[in-house]
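Next come the chains, spelled out residue by residue.
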Amino acid sequence: GDITYVRTDEGWLYVASVIDLASRSVIGWASGKRQTADLVVTALNRAILTGLVKANAIFHSDHGTQYRSKRFTRFCHRRGIRRSMGKNFQCWDNAVAESFFSKLKGERLRWHRFVTRKQATYEVADYMRHFNTRRRHQTLGYATPAETMAALNGRPQPIAA
């Protein structure tokens, strides 16, 4: 998990993500005008609601205050989720999440000026759908995250719309 920010005329929009490392799917996310523990709790809770996060799962993040907060710690503990944080100031520590946010900004957001946070949220959500279902990844053998997730779960591959 990680947090990034998007510039809007109303101020920053903060986006927290939860990414499945095996499939590279964005399985949970949340956005808001403040980067709080509630933002990351909401993102992880949405990932849990997909049914893809089981007890004893490992949630990896950087050392951001939101991820070290009592609120997030209790939330994870109550659900049997183990937390993992690498060493301070290691740039590769959260490479998958950083790579996703780089693609989000470089492939979609850098070309837009957002008047409202709502407009930016819509673009982020639209890109996540594209990222999960259509964007092919070299690390996945040029499959999409959705195709990889289906293969990992023994389900037929989804048909792209």
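Look a little higher up for the structure.
Residues numbered from 1 in each chain as written. Predicted model: local features only at pLDDT ≥ 70, side-chain atom pairs only at ≥ 80, totals over all residues. Heavy atoms only, no water.

Caption draft 1: Local environment of the overall build of the chain. The secondary structure content of the chain amounts to 6 helices and 5 strands. What you see in the chain, going N to C, is helices and strands ordered as β-β-β-α-β-α-α-β-α-α-α. In terms of overall size, the chain behaves like a compact globule, its C-alpha atoms giving a radius of gyration of 16 Å where 161 residues would be expected to give roughly 15 Å. The dimensions of the chain, computed from C-alpha atoms along their principal axes, are 40 × 40 × 30 Å. Relative to its 161 residues, the chain shows a buried fraction of 43%. Taking contacts inside the chain between residues at least 6 apart in sequence as the whole, the part at least 24 apart equals 55%. (Helix = DSSP H or I, 4+ residues; strand = E, 2+ residues; numbered from the N terminus. Rg over C-alpha atoms; globule rule 2.2 N^0.38 Å. Buried < 20%, exposed > 50% of the residue type's maximum accessible area, 1.4 Å probe, protein only. Contact = heavy atoms within 4.5 Å.)

Caption draft 2: Just a positive patch on the surface, in detail. A cluster of basic side chains, namely Lys70, Arg74, Arg78 and Arg79, defines a positive patch on the protein surface. Among the structural elements, Arg79 can be located in the loop between helix H3 (70-78) and strand E5 (82-85). (Patch = residues over 30% accessible without salt bridge, like charges linked within 9 Å, V, L, I, M, F, W, Y side chains within 5 Å. Areas by Shrake-Rupley, 256 points an atom, 1.4 Å probe, with all protein chains shown as cover. Salt bridge = Lys/Arg side-chain N within 4 Å of Asp/Glu carboxyl O. Lys, Arg positive; Asp, Glu negative; His and termini not counted. Charge placed at Lys NZ, Arg CZ, Asp CG, Glu CD.)

Caption draft 3: Region of interest: the pattern of salt bridges. Counted under the stated rule, the structure contains 7 salt bridges. The shortest N-O distance in the salt bridge between Asp126 and Arg108 comes to 2.8 Å. Of this pair, Asp126 sits in helix H5 (residues 117-133) while Arg108 sits in the loop between helix H4 (95-107) and H5; the two residues are 18 residues apart in sequence, bridging distant segments of the chain. With a closest N to O distance of 3.0 Å, Arg136 and Glu147 form a salt bridge. Residue Arg136 is located in the loop between H5 and helix H6 (145-152), and its partner Glu147 is located in helix H6; the two are separated by 11 residues in the primary sequence. Here Arg136 falls in the partly exposed class, since its relative accessible area comes to 45%.

Caption draft 4: Spatial organisation of the environment of Arg7. In this fold, Arg7 is placed in the loop between strand E1 (2-6) and strand E2 (13-19). Using a relative accessible area of 62% as the deciding quantity, one classes Arg7 as exposed. Residues Arg7 and Ala120 lie 113 residues apart in sequence; the distance between their C-alpha atoms is 8.3 Å. Setting aside residues no more than four positions away along its own chain, Arg7 makes contact with Trp12 and Phe114.

Caption draft 5: The nonpolar core, seen in detail. With 21 residues, the main nonpolar core has Val18, Leu44, Phe59, Phe72 and Ile81 as its most contacted residues. The set of elements that each furnish at least two residues to this core consists of E2, strand E3 (26-32), helix H1 (37-49) and H3. Per element, the largest residue contribution to this core is 7 residues, and it comes from H1. Contacts of Phe59, omitting those with residues within four sequence positions, involve Gly1, Val18, Leu44, Tyr67, Phe72, Ile81, Arg82, Arg83 and Ser84. Membership of the second largest hydrophobic core comes to 16 residues, among which are Ile19, Phe100, Leu109 and Tyr127. (Core = buried A, V, L, I, M, F, W, Y, C linked by side-chain atoms within 4.5 Å.)

Caption draft 6: Focus on the sheet that holds E3. The strand order across the open sheet built from 3 strands is E1-E2-E3, with neighbouring strands paired in antiparallel fashion. Each edge of the open sheet is held by one strand with a lone partner, namely E1 and E3. Between one strand axis and the next, the sheet turns through 25° on average, direction left out of account. In terms of strand pairing, E1 meets E2 through 5 bridges, oriented antiparallel. Counted as the bridge partner of Val6 is Leu13 from E2. The sheet contacts of H1 involve E1, E2 and E3, and relative to E3 the element is tilted by about 150°. Of the strands in this sheet, E1, E2 and E3 touch H5, which is tilted by about 175° from E3. (Pairing = 2+ DSSP bridges. Axes fitted to C-alpha atoms, helices over the stretch in contact; angles between N-to-C directions.)

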